[in-house]
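Working through the structure, step by step
Single-letter residue listing:
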Amino acid sequence: MPHPATAFAFNQETRKLFVGTESGSITEFVISNDSNRLTQLKDYSGHNKRITALHFALECEWLLSCSRDKTFRWYCSESGRLLGSFTLSAWITALQFDFPSKCAFVGDFSGAISVLRLSESGHQLVTTIRGHASSIRSLAWDSKRQQLFSGGFDSTVVVWDIGGKEGIAYELQAHTGKVTSLHYAASTQQLFSAGEDGIVAIWNMDIKRNETPSWVESDNCQQCNKPFFWNFRMMFDTKTLGQRQHHCRNCGKAVCEACSPNRLTIPLMGFETAVRVCSICYALLKDKDRPSHAVLINVLHAVMRYGLRVIVQHCIIRNNRYM
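Residues numbered from 1 in each chain as written. Predicted model: local features only at pLDDT ≥ 70, side-chain atom pairs only at ≥ 80, totals over all residues. Heavy atoms only, no water.

As a further point, take the sheet that holds strand S5 (residues 51-57). The sheet built from 4 strands is open, its strands ordered S5-S6-S7-S8 with antiparallel pairing. Either end of the sheet is taken by a strand with one partner, and the two such strands are S5 and strand S8 (82-87). Going across the sheet, the axis of each strand differs from the next one's by a mean of 15 degrees, ignoring polarity. With 5 bridges joining them, strand S6 (residues 62-67) and strand S7 (residues 71-76) adopt antiparallel strand pairing. Each residue of the ladder has a partner; that of Trp62, found in S7, is Cys76. (Pairing = 2+ DSSP bridges. Helix = DSSP H or I, 4+ residues; strand = E, 2+ residues; numbered from the N terminus. Axes fitted to C-alpha atoms, helices over the stretch in contact; angles between N-to-C directions.)

Here it is as structure tokens:
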């Protein structure tokens, strides 16, 4: 190929391979049954910068693509005809598609996820959701429970309950670096996440986790009432130094360092590593049984991208061990 490959989509049933390149071109191949021959079928044009993600939907014969040129496009894979496009204000970095609803989930470099309902004649922007502090790097989709998983540069995985239509979202925290890849195994209801920190996390998704609390903003610590450093009037009146504001991950209250010196895990909120909690929540939680609902494997090197084969989908977690 004249340009480096940057994205792939492969369908086992048809043995079709779609390859996106650094230049924005997309080429469709078919792989022979013995895997010794690659035959080029057609090219798809329209993008002019790096292809960042591809998805082939066999049920409707659509090829979906996104690029650093800030456009998302979908094509008829039978004819190669462009069916529609959608332009964002930032690089598009991740893509997922739900065939029954014809909804595409498009993540971008600003941290937003656009939900689009597609047709052969156009599209409808359903909503835009935000939960990451920085770029979306990877998306995964649970078609049965209608849940979307997003991994970002902020080291966080967010679970979005799209099917519940109540706006529920919660975080999964185990990584200390960018989350680079997500895969969902429907047969075992497990989410696999990997990141630049060299951690592969296997999350049990068959349990009900609690929604992450919203962070409360306050001018004073909500436990000791000391002023935060921007509350000049109270600092002057009480002749005290201003404190830095922190937040308890369990209750969401604004607290100072002295009122949140402790860290612990909260697995039912998705916090598999120790996080900041206020003194009140620490006293409530420290003696409670808090079993882990994930397995963390250190592969010692940064993971940029990985695939999940069917044979891996039959792994299970028993007694917090990977089997």
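So, on to the confidence of the model for the protein. Atomic detail in the predicted coordinates should be set aside for any region of low pLDDT. Overall, the predicted model of the protein reaches an average pLDDT of 90, with 94% of residues at or above 70. Confidence over residues 310-323 falls short of pLDDT 50; this stretch has 27 contacts with residues more than four positions distant or in other chains. (pLDDT = per-residue confidence, 0-100. Contact = heavy atoms within 4.5 Å.)

Before going further, it helps to spend a moment on the nonpolar core. Among the nonpolar cores identified, the biggest contains 19 residues, and Trp62, Leu64, Phe72, Phe97 and Leu118 are the most heavily contacted of them. For this core, the elements supplying multiple residues, two or more each, are S5, S6, S7, S8, strand S9 (92-98), strand S10 (103-108) and strand S11 (112-119). Discounting chain neighbours no more than four positions away, the residues touching Leu64 are Ala53, Leu54, His55, Phe72, Arg73, Trp74, Leu95, Phe97, Ala104 and Leu118. Core analysis: the second largest hydrophobic core is formed by 16 residues, Cys259, Ile266, Met269 and Phe271 among them. (Core = buried A, V, L, I, M, F, W, Y, C linked by side-chain atoms within 4.5 Å. Buried < 20%, exposed > 50% of the residue type's maximum accessible area, 1.4 Å probe, protein only.)

Along the chain, Ile168 falls in the loop between strand S15 (157-161) and strand S16 (169-172). A relative accessible area of 29% places Ile168 in the partly exposed class. Once you skip the residues sitting within four places of it in the chain, Ile168 turns out to touch Val159, Trp160, Asp161 and Glu211.

Moving on to the packing of aromatic side chains. Taken as a whole, this structure holds 11 aromatic pairs when the rule is applied. In this structure an aromatic cluster arises from ring pairing among Phe18, Tyr44, Phe56 and Tyr75. The ring of Trp91 has Arg68 sitting right over it, with the charged end atom 4.0 Å from the ring centre. (Phe/Tyr/Trp six-rings, centres within 6.5 Å; stacked < 30°, edge-to-face > 60°. Lys NZ or Arg CZ within 6 Å of the ring centre and 35° of its normal.)

Another aspect to go through is the sheet that holds strand S4 (residues 38-44). Taking strand neighbours across the sheet as the criterion, the 4 strands line up as S1-S2-S3-S4 in an open arrangement whose pairing is antiparallel. Strand pairing shows two members of the sheet lacking a second neighbour, strand S1 (5-11) and S4, which therefore form its edges. Strand-to-strand twist in this sheet, taken as the mean axis angle between neighbours without regard to direction, amounts to 25 degrees. Two elements, strand S2 (residues 16-21) and strand S3 (residues 26-31), share 5 bridges in a ladder whose sense is antiparallel.

Locating His47 in the fold gives a position in the loop between S4 and S5. A distance of 2.7 Å separates the side chain of His47 from the side chain of Ser65, its partner in a polar contact. Setting aside chain neighbours within four positions, we find His47 in contact with Ser23, Gly24, Ile26, Ser65, Cys66, Ser67, Asp69, Thr71, Arg73 and Tyr75. (Polar contact = N/O pair within 3.5 Å; in protein donor to acceptor, adjacent residues only side chain to side chain.)

Turning next to the pairing of S15. Taking burial as the measure, the 5 residues of S15 include 4 buried ones, the bulk of the element. The sheet contact formed by strand S14 (residues 147-152) and S15 spans 5 bridges and is antiparallel. The residue of S15 that forms the bridge with Ser150 is Val158. Two successive antiparallel strands, S14 and S15, enclose a turn made up of 4 residues, where Ser155 displays a positive phi of approximately 70 degrees. Pairing analysis gives 4 bridges linking S15 to S16, with the strands arranged antiparallel. Counted as the bridge partner of Trp160 is Ala169 from S16.

Turning our eyes to something else, we now look at the pairing of S5. Counting buried residues along S5, 6 of its 7 residues qualify, which places the element largely inside the surrounding structure. Taken together, S5 and the strand that follows it, S6, pair antiparallel across an intervening segment of 4 residues, in which Glu61 is found at a positive phi of about 55 degrees.

This part is about the pattern of salt bridges. Side chains bearing opposite charge may pair, as long as their charged atoms lie close to each other. Summed over the entire model, instances satisfying the criterion amount to 6 salt bridges. Among the salt bridges present, the one from Arg145 reaches Asp142, with a minimum N-O distance of 3.0 Å. Using a relative accessible area of 29% as the deciding quantity, one classes Arg145 as partly exposed. Its relative accessible area of 3% is what places Asp142 among the buried residues. Among the ionic contacts, a cluster of salt bridges with common partners joins Lys16, Glu28 and Lys42. (Salt bridge = Lys/Arg side-chain N within 4 Å of Asp/Glu carboxyl O.)

With respect to the helices and strands, Arg50 occurs in the loop between S4 and S5. The exposure class of Arg50 is partly exposed, given its relative accessible area of 27%. Remark: the alpha-carbon pair of Arg50 and Pro4, spanning 46 residues in sequence, is separated by 9.4 Å. Among residues more than four places away in sequence, those in contact with Arg50 are Thr6, Thr21, Glu22, Gly24, Cys66, Ser67 and Arg68. Among the polar contacts listed, one links the side chain of Arg50 to the side chain of Glu22, at a separation of 3.0 Å.

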